[in-house]
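# Chains, contacts and geometry: an overview
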Amino acid sequence: MWAIRGTMKKVQGVPLLEPIVTHWKRVETFRAFPEDVLIATYPKAGTTWIQEIVDLIFNHGDAEKARRAPLHIRMPFLEMTAPDPTFSGITLLEKMQPPRIIKTHLPIQLIPNTFWEAGCKVIYVARNPKDTVVSYFNFERMNLITPEPGPWPQYLDKFMKGQLGWGSWSDHVKGYWREKERKQILYLFYEDMKETPAKGIRQIADFLGQQLSEDIVSNIVQMTTFAAMRENPMANYSTVPDTIFDRKASDFLRKGEVGDWQNHFSPEENAAFEEHYIKAMAGCNIPFRFSLPEQ
Ligand code: A3P
């Protein structure tokens, strides 16, 4: 049985769940192959969405193939270590043949060198920090293996201080942004994917060297809407037991919107966040959007 409400330890100053840190050597010594593709995000940036899109792209829009197994089995979570081996990324990856699609939340400085040495392609997804932290808060209310999130105002404060799992949001998004030209990193935004999903899917397919007809692109758009993925047991994490995900607290696919932060931030919290954001992002102009124009 899984330890309920885990604790954090650090690797190079970055807080991670304790079992990840205990087994860190396995991450460091992991071997990547050139065909492997890494999907990297700060938690709650839309990882699951992009994973489903990438799998459908590699399967040319074949829904049945993409439904062969739950997401965490199809695309293992690199650094995740758990007593139940079906949730341990490296245990799963070692049994798979390349090309493997691999999920990670690690900041760029903790990505094992093997990925850069092998020249792997990396798809990075970033989401504006206000929606990210609201999503993270609700996720940690339902995910019983992460530390207790506590009340919202304190949670927001911890997010700004970089004390949540996987560390500072601003360091994370800046780290990949600064390396994107030197390494093979496709840098995407959650907000763009919401606004023009077909364009995003074409961009990802081009980056992966996959030719898709317009019909396939439209089918992938339909199969990866929030509503469609919420109903898809192979993409909505409904196979994770209730002892780990407490669905009474929140759904995994909760709202899937841009701008939901406006229902959670008080005017004072928003002012403090704006001040923090300007300082944290100084010298790095990443075009985040906090709302979308009315459609
Ligand atoms: P919300 O909590 O705001 O709803 P991750 O996969 O990185 O954990 O991110 C989860 C967030 O992405 C959740 O945000 C979830 O609802 C959203 N998401 C997942 N699939 C989506 C989709 N198909 N379209 C839009 N948002 C999606």
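How each quantity is defined
Residues numbered from 1 in each chain as written. Predicted model: local features only at pLDDT ≥ 70, side-chain atom pairs only at ≥ 80, totals over all residues. Heavy atoms only, no water. UniProt positions renumbered as here; feature names shortened; annotations may be inferred. Pairing = 2+ DSSP bridges. Helix = DSSP H or I, 4+ residues; strand = E, 2+ residues; numbered from the N terminus. Axes fitted to C-alpha atoms, helices over the stretch in contact; angles between N-to-C directions. Contact = heavy atoms within 4.5 Å. Buried < 20%, exposed > 50% of the residue type's maximum accessible area, 1.4 Å probe, protein only.

By the naming in an unreviewed UniProt entry, the chain goes by Sulfotransferase and is assigned to Myripristis murdjan. Under the UniProt heading Subcellular location (unreviewed entry), the entry covering the chain gives this text: "Cytoplasm".

## As for the sheet that holds strand E5 (residues 121-126)
Strands sit in the order E4-E3-E5-E6 across an open sheet of four strands; the sheet is parallel. Two strands in the sheet have a free side with no partner beyond their single neighbour: strand E4 (101-104) and strand E6 (185-189). With direction set aside, neighbouring strand axes in the sheet form an average angle of 20 degrees. Pairing of strand E3 (residues 37-41) with E5 involves five bridges; the strand directions are parallel. Residue pairing in the sheet places Thr-41 in a bridge with Val-125 of E5. Along the sheet face, helix H3 (residues 47-58) touches E3, E4, E5 and E6 and points at about 160 degrees away from the line of E3.

## A look at unusual backbone geometry
Here Pro-98 and Pro-99 are connected by a cis peptide whose omega angle stands at 0 degrees. Unusually for a residue other than glycine, Trp-166 sits at a positive phi of about 75 degrees. Note that Trp-166 resides in the loop between helix H9 (152-160) and helix H10 (169-179).

## Things to note about the environment of Ile-50
Inspection of the secondary structure assignment puts Ile-50 in helix H3. Taking relative accessible area as the criterion, Ile-50 reaches 0% and is therefore assigned buried. The spacing of Ile-50 and Ala-235 is 185 residues in sequence and 11 Å in space, taken between C-alpha atoms. Contact partners of Ile-50, with chain neighbours within four places excluded, come to Ile-39, Ile-123, Val-125, Leu-188, Met-193 and Ile-204.

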